[in-house]
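Summary of structural features
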Amino acid sequence: MFLTGGLKSLLPHVLRRIIRCNRLSISNTSGMAEGYKQANVVILHKSLADDFEKFCHANSGPLPLLYRSKPGGWKCPSLSSDSDIRTDCPQYRIYEHGACTGSLKSLKEYSEQLKDMVTFYLGCSFSFEKAVQNAGIPVRNVEQKCNVSMYKTVVPCYGVSTFCCNLVVTMRPIPDSKLEAAVLVTSELKEAHGAPVHMGDPGLLGIQDLSKPDYGDPVHLHPGDIPVFWACGVTGVEAVINCRAPLAFTHSPGCMFITDLKNDYVKVTSSREVPQVYCISQDPLHYSIVSAGAAQKIKTLETLIGIDPGDRGIKHLQRQDELLKACLSISHARSVLITTGFPTHFTYEPPEENDGPPGALAIAAILQALEKEVVIVTDQRAMNLNKKIIEEAVQLGILKRPVPVLSYQKESADSALMFLCENGNPGRPRFDHLIAIERAGMAADGNYYNARKVNIKHLVDPIDELFLAAQTIPGVTTTGVGDGGNELGMGKVKDAVKKHIKNGDVIACEVEADFTVVAGVSNWGGYAIACALYILNTCDIHDRYLRKAVGFPQLSKKMVWLSALPSVTKEEKLLKTLVRHGVRSGKTASLEMEVDGLPFYNTHSLMIEKLL
């Protein structure tokens, strides 16, 4: 009997011979034949082979296809010089009509049946473990001398014929400081599942307890470790179970076929394609990924909208990368609530200004194009006005369809929770993200002020309460967009508002948002969010992470997304609509300025031309 300690340095063909002779007592092949590719194995009747291959191509993250044999082919010449799939995995499982009916050390007794069966060799994450270690990143399952943890998720794969199942993932604890390095090194190994599909709270994948993996062994996290999840080839086992084939075989999870091929490192060809990692939520803990190139474009947007036409000192309120992190969070959201409305013209009817609604509708338009649910919340007194504006925005082609308009009134202590969650249950939120753009924000004394310190509380409904309640609901994040510090969400920078903004000691909003987007004019912030969401969703790295490496890239929808972006023409039409309904400008002086020969409020057109 061989001891496992020296197996990591043995060559693959030597290991296969040892396994073939049944002289090895091991529970998994993690850490063996370091630097060589290992493979998951699925063996199906030839009548199912074409559909299963299509299933693999449709879900290439969990099922990167290394080789497909011919019917009855026991060898895989492109992967190994001398192999026999009947004997060269340490352990196999047999499935009959979807049920696992046993484990086997050899498939030789099924040689007759195998003549009509096709073997699929699929990439395995064990292949990247040595590369991860070489990058100075600990591999906890290797350290703990156990199999990797594998979990079923609630993420559906792209179905093909009888093959349909949910994604299975492996989990490896990675130190927080090493996350970006782990993403980079594994993203270069496409045939070993590539980059992670999730980093952070397992509950976001539907995994309830890390100590109870569906396959493999529990792997213990060290202090400071983050659970990082990669797509897993055991997804193929789940597909076999669900297709209920009369007879099928797989490797036993963790007991891989070891090939003669060394790992191929597909080096990133451009620094713009290097993945970057950002934390977008602390409760639940959630990280996202974007390419360096896409991130830089969004940072450029942040700089563009940060110009201060009114010279009010907003540079002191700006926080680096807030636009990027806000949009990464919104990109992951399924349902978004937008609120706007600042009744600065308190002696007129209607008292609203025209900064806010155009930006809000720009965000709503791209969210519709991205097939997310979106609603707008506003003051009860402004409901009819907003409904008319939205109706005309649809007629003008600014919106694809009407956006529901809601109002919020405090009727009891739990009104905000009841509004945001089904039956007031924080475990069932209706919205994943709340956005306030140029929305009057509550000051420290409980009043609402315009920039001139005039109290406009009588015109403002307590929508701030929704943002305060969101702070208590796991999984709901918030963004505030403003240009003066008295807007909802600007509580995150209230100290800077009080110190640097005229009348800031009185008007500063007290209510914080998770992300604060500060712009010279709030509408620009809305336009930048729309453009940034387009940039993110056309980023291959971010797109793959969003869909968890299953299904196909969404770039076929690029033209639909592009048509939803704000434009000079759209804005001019919308501003005219607002004027017809009596809405006045709140920033006339800034709108008269020009940049590159264009009115300054059309700066977003420059963003699109320069960046998209």
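Everything quoted here is computed from the prediction, not taken from an experiment.

The rules behind these values
Residues numbered from 1 in each chain as written. Predicted model: local features only at pLDDT ≥ 70, side-chain atom pairs only at ≥ 80, totals over all residues. Heavy atoms only, no water. Helix = DSSP H or I, 4+ residues; strand = E, 2+ residues; numbered from the N terminus. Rg over C-alpha atoms; globule rule 2.2 N^0.38 Å. Buried < 20%, exposed > 50% of the residue type's maximum accessible area, 1.4 Å probe, protein only. Contact = heavy atoms within 4.5 Å. Areas by Shrake-Rupley, 256 points an atom, 1.4 Å probe, with all protein chains shown as cover. Lys, Arg positive; Asp, Glu negative; His and termini not counted. Charge placed at Lys NZ, Arg CZ, Asp CG, Glu CD. Domains from an automatic or database assignment. Buried area = accessible area lost by both parts, 1.4 Å probe. Pairing = 2+ DSSP bridges. Axes fitted to C-alpha atoms, helices over the stretch in contact; angles between N-to-C directions. Salt bridge = Lys/Arg side-chain N within 4 Å of Asp/Glu carboxyl O. Phe/Tyr/Trp six-rings, centres within 6.5 Å; stacked < 30°, edge-to-face > 60°. Left-handed = near helix turned anticlockwise from the far one by under 90°. Nonpolar A, V, L, I, M, F, W, Y, C, P; charged D, E, K, R; others polar. Expected span 1.5 Å × (residues − 1).

On to the overall build of the chain, then. Helix and strand counts for the chain stand at 21 helices and 22 strands. Since a compact globule built from 612 residues should have a radius of gyration of about 25 Å, the 28 Å found for the chain is in line with a globular shape. Judged by the C-alpha coordinates and their principal axes, the chain covers about 90 × 50 × 45 Å. Taken across its 612 residues, the chain has 59% of its residues classed as buried. Across the chain, contacts joining residues at least 24 apart in sequence account for 76% of those joining residues at least 6 apart. Element-wise, carbon and sulfur atoms account for 51% of the exposed surface of the chain, whose accessible area totals about 24000 Å². Across the chain, the centroid of the 65 positively charged side chains sits 5 Å from that of the 65 negatively charged ones.

Before going further, it helps to spend a moment on the domain arrangement of the chain. Per the domain assignment, the segments making up the chain are domain 1 (1–269) and domain 2 (275–611). Measuring from the centre of the C-alpha atoms in domain 1 to the corresponding centre in domain 2 gives 44 Å. Counting from both sides, the interface comprises 29 residues of domain 1 and, opposite them, 16 residues of domain 2. For the pair domain 1 and domain 2, the summed buried area comes to about 1800 Å², and 68% of that belongs to carbon and sulfur atoms.

Here we take up the sheet that holds strand S16 (residues 373–378). What the six strands build is an open sheet, ordered S17-S16-S15-S18-S19-S20; its pairing is parallel. Each edge of the sheet is formed by a strand with only one pairing partner; in this case those strands are strand S17 (405–407) and strand S20 (515–518). Each neighbouring strand pair of the sheet contributes to a mean axis angle of 25°, computed without reference to strand direction. Across six bridges, strand S15 (residues 335–341) lies against strand S18 (residues 433–439) in parallel orientation.

Here helix H7 (residues 235–243) lies mainly inside the structure; seven of its nine residues are buried. Among the residues of H7, those classed as buried are Thr 235, Gly 236, Val 237, Glu 238, Ala 239, Val 240 and Cys 243. A positive backbone phi angle near 55° is found at Arg 244, which sits one or two residues after H7.

Before going further, it helps to examine the pattern of salt bridges. Side chains that carry opposite charge are capable of pairing whenever their charged atoms lie near each other. Per the counting criterion, the structure on display carries 28 salt bridges. Lys 115 is the partner of Glu 112 in a salt bridge, and the nearest nitrogen-oxygen pair spans 3.3 Å. The exposure class assigned to Glu 112 is exposed, which follows from its relative accessible area of 55%. On the accessibility criterion, Lys 115 (44% relative accessible area) is partly exposed. Two residues, Arg 140 and Glu 143, come together in a salt bridge whose shortest N-O distance is 3.1 Å. Pair noted here: Arg 140 and Glu 143 are both in helix H5 (residues 140–143), with a separation of three residues, about one helical turn. Overall, the relative accessible area of 8% leaves Arg 140 in the buried class. Connected through salt bridges with shared partners, the residues Arg 16, Arg 17, Asp 82 and Asp 260 form a single ionic network.

This paragraph deals with the packing of aromatic side chains. Counted by the stated rule, this structure contains eleven aromatic pairs. Where Phe 52 meets Phe 55, the ring centres are 6.2 Å apart and the plane angle is 35°; that geometry is what we call tilted. One end of the pair is Phe 52 and the other is Phe 55, both in helix H2 (residues 46–58) and three residues apart, which spans about a single turn. This pair shows no difference in class: Phe 52 is buried, exactly as Phe 55 is. Geometrically, the ring pair formed by Tyr 121 and Phe 257 is edge-to-face, given 5.3 Å between the ring centres and 65° between the ring planes. Taken as a pair, Tyr 121 in strand S5 (residues 117–123) and Phe 257 in strand S12 (residues 257–262) lie far apart in primary sequence, 136 residues in all. In this structure, Tyr 121 and Phe 257 share a single accessibility class: buried.

Two elements in contact, helix H9 (residues 322–332) and helix H16 (residues 522–537), have axes separated by 9 Å at closest approach and are oriented at 65°. In this structure, the crossing between H9 and H16 has a hand that is right-handed. On H16, the residues touching Leu 323, Cys 327, Leu 328, Ile 330 and Ser 331 of H9 are Ala 528, Ile 529, Ala 532, Leu 533, Leu 536 and Asn 537. Within the contact of H9 with H16, the residues separate by chemical class into nine nonpolar, two polar and no charged.

Before going further, it helps to spend a moment on the sheet that holds strand S10 (residues 225–231). Pairing within the open sheet is antiparallel, and its seven strands lie in the order S9-S6-S7-S10-S8-S14-S13. Among the strands making up the open sheet, the edge pair consists of strand S9 (215–216) and strand S13 (275–282). Helix-sheet contacts for H9 involve S13 and strand S14 (285–291), and the interaxial angle to S13 is about 75°.

Next up on the list: the environment of Val 497. Examined against the element boundaries, Val 497 turns out to sit in helix H14 (residues 494–500). You can call Val 497 buried: its relative accessible area is 0%. Separated by 181 residues in sequence, Val 497 and His 316 have C-alpha atoms that sit 7.8 Å apart. Those residues in contact with Val 497 that sit more than four places away from it in its chain are Leu 317, Gly 484, Gly 485, Gly 504 and Ala 508.

Below, the discussion takes up H16. Count 3.6 residues to each turn of an α-helix, and residues three or four apart come out pointing the same way. With 16 residues, H16 ought to run about 22 Å at 1.5 Å a step, and its terminal C-alpha atoms sit 23 Å apart, in line with that. With 16 of 16 residues buried, H16 lies mostly within the body of the structure.

Turning our eyes to something else, we now look at unusual backbone geometry. Cis geometry marks the peptide bond from Asp 283 to Pro 284; its omega dihedral reads 0°. Its location among the elements puts Pro 284 in the loop between S13 and S14. Despite not being glycine, His 97 has its phi angle at roughly 55°, a positive value. Of note, His 97 is situated in the loop between strand S3 (92–96) and strand S4 (99–104). One non-glycine residue, Lys 548, lies in the positive phi region at around 60°. Within the element layout of this structure, Lys 548 appears in the loop between helix H17 (540–546) and helix H18 (558–564).

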